[in-house]
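Chain residues, written in single-letter form:
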Amino acid sequence: MKILILGADGYLGWSMAANLFSSSHDLFLVDNYSKRKHMKSLKRYPLLETPLVKKRIQNIKRKGVTKFYQLDCSKYVDIHKIIKNIMPDVVIHFAELPSAPFSMINTTNSWETLRNNLQSTFNIIHSLKDLSPKTHLIKLGTMGEYGTPNIDIEEGWLNIKHKKRSDRFLYPRQGSSLYHTSKIMDTDLIWFYTRMYGLSCTDLMQGPVYGLYPNKKLDDDVAPLFTYDDIFGTVLNRFIIQAIMNQPLTVYGTGNQIRGYINILDSIECIKIAMKNKPKRGELKIYNQFTEQFSVLELAELVRKSLKKININVNIKKVKNPRVEKENHYYNAKHSNLKKLGLKANKLNEKMIIQIANYCMKYKSNIKINTIMPKVKWK
Ligand code: USQ
């Protein structure tokens, strides 16, 4: 297959590409390095300054084609041209600003998140409609689109009975940041194009991801863009870094916020499963992409217990929640579809946390301690 990966420099995008290097698919990688640029301007740094994609793929020898294009998916002409030239079988769309705190910093960043994310999704899907409607679009959405409703969260759709009639709708959604809201709007856009023009799309509602893409060597050239700071880091990766820096784990508010989490290994596997299960023309498949539910406090306790085994004493500190989110709520999200299609989950355990911590410790001297405490407030 010809696979176009948009956002190939990111934590997930690069891990996805690295996983597919061992296949014989033709891989076309795209990124505009905007996450690196935003991180730099906000003085946030990844654990490891990984080389640019162009450099990283230079020495890779594989059966299929491997090409990199530095371009911005929010520029219509550029994305249209690349789709026209490649005519991909699959497009995997990671090319979005992925941070809730980033989207809440100020007007400029709020707009930049909305603009970038919606414009990119529009450009991609509109180009597919015009040029290559048989292509399978796989798009990374987020569990945060659903928010924390007081009813069970279904997988994408909800059957509603109203005054003796019934119909199926997208599950009601209510994001708790502008970033999450941009993903809700993405889903609406994708659903419109799918039903209107008979495209084949998969939207993956993913929970917070943790861990490292498990290249045997995990050497610097293949390591993903691992972030731990207050703006770009996800909670478990942050807790592990805080622990190895002898900083208290920053539990926001009560710590009873529950989310569905997923190991990056499983995240990549889910996308491969989605690739093998192309929707029919005019069908939008939605999967809830996480494997286990935890409260923030449970995660913190697990990190404390695990790292005690390698003689790291961890303190947990409840800090005032910088976000506006429910801290005590019902949460029961369905996630059986990917399992039915063969996903075997890598469940979070002590060994895994120790493994991530040991890897991070190699780069301890790179960690910027002043980027750990939360600085972006929702209000
Ligand atoms: N949290 C803490 N302490 C911290 C950081 C976070 O208690 O130091 C809490 C947050 O308040 C939240 C939970 O941990 O309740 C998860 O926060 P997160 O920063 O790991 O995740 P979030 O901002 O929701 O976003 C991340 C990714 C995003 C993805 C999303 C999936 O950055 O790209 O879409 O996870 S989900 O959360 O299911 O929407």
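Every value quoted in this text rests on a predicted model; they were computed, and no experiment measured them.

Trainee: For this particular structure, what's the right way to read the nonpolar core?
Mentor: The tendency in soluble globular proteins is for nonpolar side chains to be buried side by side. Core analysis: the largest hydrophobic core is formed by 72 residues, its most contacted members being Ile5 and Ile241. Among residues more than four places away in sequence, those in contact with Ile5 are Gly13, Met16, Ala17, Leu20, Phe28, Leu29, Val30, Ile92 and Phe94. Among the nonpolar cores identified, the runner-up in size contains 35 residues, and Leu6, Val30, Leu137 and Ile190 belong to it.

Trainee: Got a minute to help me understand unusual backbone geometry in this structure?
Mentor: Note: most peptide bonds trans; most residues except glycine with negative phi. Unusually for a residue other than glycine, Asn246 sits at a positive phi of about 55°. Secondary-structure assignment places Asn246 in the loop between helix 8 (235-244) and strand 10 (249-252). A positive phi angle is found at Asn311, which is not glycine, with a value near 60°. As for its placement among the helices and strands, Asn311 is situated in the loop between helix 10 (296-308) and strand 14 (316-319).

Trainee: Please explain the environment of Thr113 as it appears in this structure.
Mentor: Secondary-structure assignment places Thr113 in helix 6 (residues 107-131). Judged by relative accessible area, which is 1%, Thr113 ranks as buried. Spatially, the C-alpha atom of Thr113 lies 7.6 Å from that of Leu178, the residues being 65 residues apart in sequence. At 2.9 Å, the side chain of Thr113 and the backbone oxygen of Asn109 are in polar contact.

Trainee: Please explain the sheet that holds strand 9 (residues 209-210) as it appears in this structure.
Mentor: Strand pairing in a sheet relies on backbone hydrogen bonds. The paired strands run either parallel or antiparallel. Judged by pairing direction, the sheet is mixed, and its three strands sit side by side in the order 9-11-13 without closing on themselves. One side of each edge strand has no neighbouring strand; the edge strands of this open sheet are strand 9 and strand 13 (292-295). Pairing between strand 9 and strand 11 (residues 258-263): two bridges, direction parallel. When the sheet's bridge partners are listed, Tyr210 is paired in strand 11 with Asn263. Each of strand 11 and strand 13 is contacted by helix 10, which is oriented at about 90° to strand 13, the strand it contacts most.

Calculation rules
- Residues numbered from 1 in each chain as written.
- Predicted model: local features only at pLDDT ≥ 70, side-chain atom pairs only at ≥ 80, totals over all residues.
- Heavy atoms only, no water.
- Core = buried A, V, L, I, M, F, W, Y, C linked by side-chain atoms within 4.5 Å.
- Buried < 20%, exposed > 50% of the residue type's maximum accessible area, 1.4 Å probe, protein only.
- Contact = heavy atoms within 4.5 Å.
- Helix = DSSP H or I, 4+ residues; strand = E, 2+ residues; numbered from the N terminus.
- Polar contact = N/O pair within 3.5 Å; in protein donor to acceptor, adjacent residues only side chain to side chain.
- Pairing = 2+ DSSP bridges.
- Axes fitted to C-alpha atoms, helices over the stretch in contact; angles between N-to-C directions.

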